[in-house]
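Overview (structure and organization)
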Amino acid sequence: MKIYIVADGEGISGVVSSEEMHPTGSRFQEFRRLMTMDVNAAIAGAFDAGASEVVVNDAHWSMINIIYEDLDSRAEIIRGSNKKLSMVEQIEGFDGALFIGLHAKVGHSHGVANETMVGPEMYEMRMNGMPVGEVEINAAIAGYFGVPVIMVSGDDCLGKEATESLGEVETAIVKKSIDRWSARCLSLEKAHQEIHTKAFQAVKRLGDFKPYTIEGPVELEIEWTSTAECKKSSLVPGSYVKSPRIVAYKSNDFLEAWRGIYACLNLGVMAFDPLYG
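A few points on the structure.

Cut-offs used in this document
- Residues numbered from 1 in each chain as written.
- Predicted model: local features only at pLDDT ≥ 70, side-chain atom pairs only at ≥ 80, totals over all residues.
- Heavy atoms only, no water.
- Helix = DSSP H or I, 4+ residues; strand = E, 2+ residues; numbered from the N terminus.
- Polar contact = N/O pair within 3.5 Å; in protein donor to acceptor, adjacent residues only side chain to side chain.
- Core = buried A, V, L, I, M, F, W, Y, C linked by side-chain atoms within 4.5 Å.
- Buried < 20%, exposed > 50% of the residue type's maximum accessible area, 1.4 Å probe, protein only.
- Contact = heavy atoms within 4.5 Å.
- Phe/Tyr/Trp six-rings, centres within 6.5 Å; stacked < 30°, edge-to-face > 60°.
- Lys NZ or Arg CZ within 6 Å of the ring centre and 35° of its normal.
- Pairing = 2+ DSSP bridges.
- Axes fitted to C-alpha atoms, helices over the stretch in contact; angles between N-to-C directions.

1. Examining the side chain of aspartate 58
The topology assignment puts aspartate 58 in strand β2 (residues 53-58). Looking at aspartate 58, its side chain comes within polar contact range of the main-chain nitrogen of asparagine 65, at 2.7 Å. A distance of 2.8 Å separates the side chain of aspartate 58 from the backbone nitrogen of isoleucine 66, its partner in a polar contact.

2. Some words on the nonpolar core
Counting residues in hydrophobic clusters, the biggest one holds 50 residues, and the most contacted among them are Leu220 and Trp258. In terms of residue count, helix α7 (residues 254-268) provides more of this core than any other element does, 8 residues in total. What leucine 220 contacts, discounting residues up to four positions off in sequence, is Arg126, Met127, Ile137, Val247, Ala248, Tyr249, Phe254, Ala257, Trp258 and Ile261. Formed by 40 residues, the second largest nonpolar core is a distinct cluster that contains Phe31, Val39, Ile66 and Ile150.

3. Concerning the packing of aromatic side chains
Applying the stated criterion across every chain yields a total of 4 aromatic pairs. On the basis of an interplanar angle of 75 degrees and a centroid distance of 5.2 Å, the ring pair of tyrosine 4 and phenylalanine 94 is categorised as edge-to-face. Here the residue tyrosine 4 occupies a position in strand β1 (residues 2-7), and phenylalanine 94 occupies one in the loop between β3 (76-78) and β4 (96-100), the gap between them amounting to 90 residues. Assigned by exposure class, tyrosine 4 and phenylalanine 94 land together as buried. Ring geometry for tyrosine 144 and phenylalanine 145: centres 5.2 Å apart, planes at 80 degrees, overall edge-to-face. Look at tyrosine 144 and you get partly exposed, because its relative accessible area is 37%. The cationic tip of lysine 2 hangs over the ring face of phenylalanine 94; the distance from NZ or CZ to the ring centre is 5.0 Å.

4. Quick word on the sheet that holds strand β6 (residues 130-132)
Picture the strands of a sheet paired through backbone hydrogen bonds; they go either parallel or antiparallel. Across the sheet, 5 strands lie side by side as β6-β5-β10-β12-β11; this open sheet has antiparallel pairing. Lying at the two open borders of the sheet, with one neighbouring strand each, are β6 and β11 (240-243). The sheet shows a mean angle of 35 degrees between the axes of neighbouring strands, direction not considered. Looking at chain direction, strand β10 (residues 218-224) and strand β12 (residues 246-251) are connected through 6 bridges and run antiparallel. Pairing of glutamate 219 across the sheet is with lysine 250, part of β12.

5. A few points about the sheet that holds β2
Within the open sheet, the 7 strands sit side by side as β3-β2-β1-β4-β7-β8-β9. Their pairing is mixed. Strand pairing shows two members of the sheet lacking a second neighbour, β3 and β9 (182-185), which therefore form its edges. Adjacent strand axes in the sheet meet at a mean angle of 25 degrees, parallel and antiparallel pairs treated alike. As judged from the 5 bridges shared by strand β7 (residues 149-155) and strand β8 (residues 170-179), these two strands associate in the parallel manner. Note on β8: the bridge partner recorded for glycine 154 is isoleucine 173. In the packing of helix α5 (residues 188-204) onto the sheet, the strands contacted are β1, β4, β7 and β8, and the crossing angle to β8 comes to about 145 degrees.

This is how it looks when you write it as structure tokens:
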């Protein structure tokens, strides 16, 4: 069994502050250690359940967060940010995916560090008119290639969103949100036990899960916080403006729609103003 791990940052055990999650933060080096330990717990659970291969995609911010020399030596790791499929680069051919350290979508709960793809630049991302977060987007890309998401870890808001969208995936709840920047956290030992147990159970239950597939036509849209970002993003061929703050891309093929809106996203953030937004 080949298992793919998406490793994000906001849902990592004990993490509650941007001082931890961002490379400029005062607690970033501690965050890297915590992220590496959560990922190692998932790797161990997968191998203990019979996985033959585990590949980890470092998928947070610069995507070079995990402490390379401390990663479980049985796993391989994808590092670096220049990836066409971003958080699920090279997911084709895997039997199941574990989403470790993910978070709730922006603005629909008090989930820790709730956001979608970027920070203050975006108000919301939607798929066929419905708000979506990184769970749904990345699960849909994985599903395009026939890979089911079988387990997630993060806070309780993330767990709720994941089960609502993906069904009865295994959920490792390592903290309960109080606010976007505070949570009641399990001890590190208990959090790692929870991640290991749920990863183990997910791989053992691999046959119970189905890929999350989105049939076309599919429209993906971004509502920016600024009109400048929207106008910049609309330079992508095939995109269209739905309002001064909303850009969209539509296709009968989900992967094409994703590539279009991802190009819009990467272009639009260039117009963000640090003072005015």
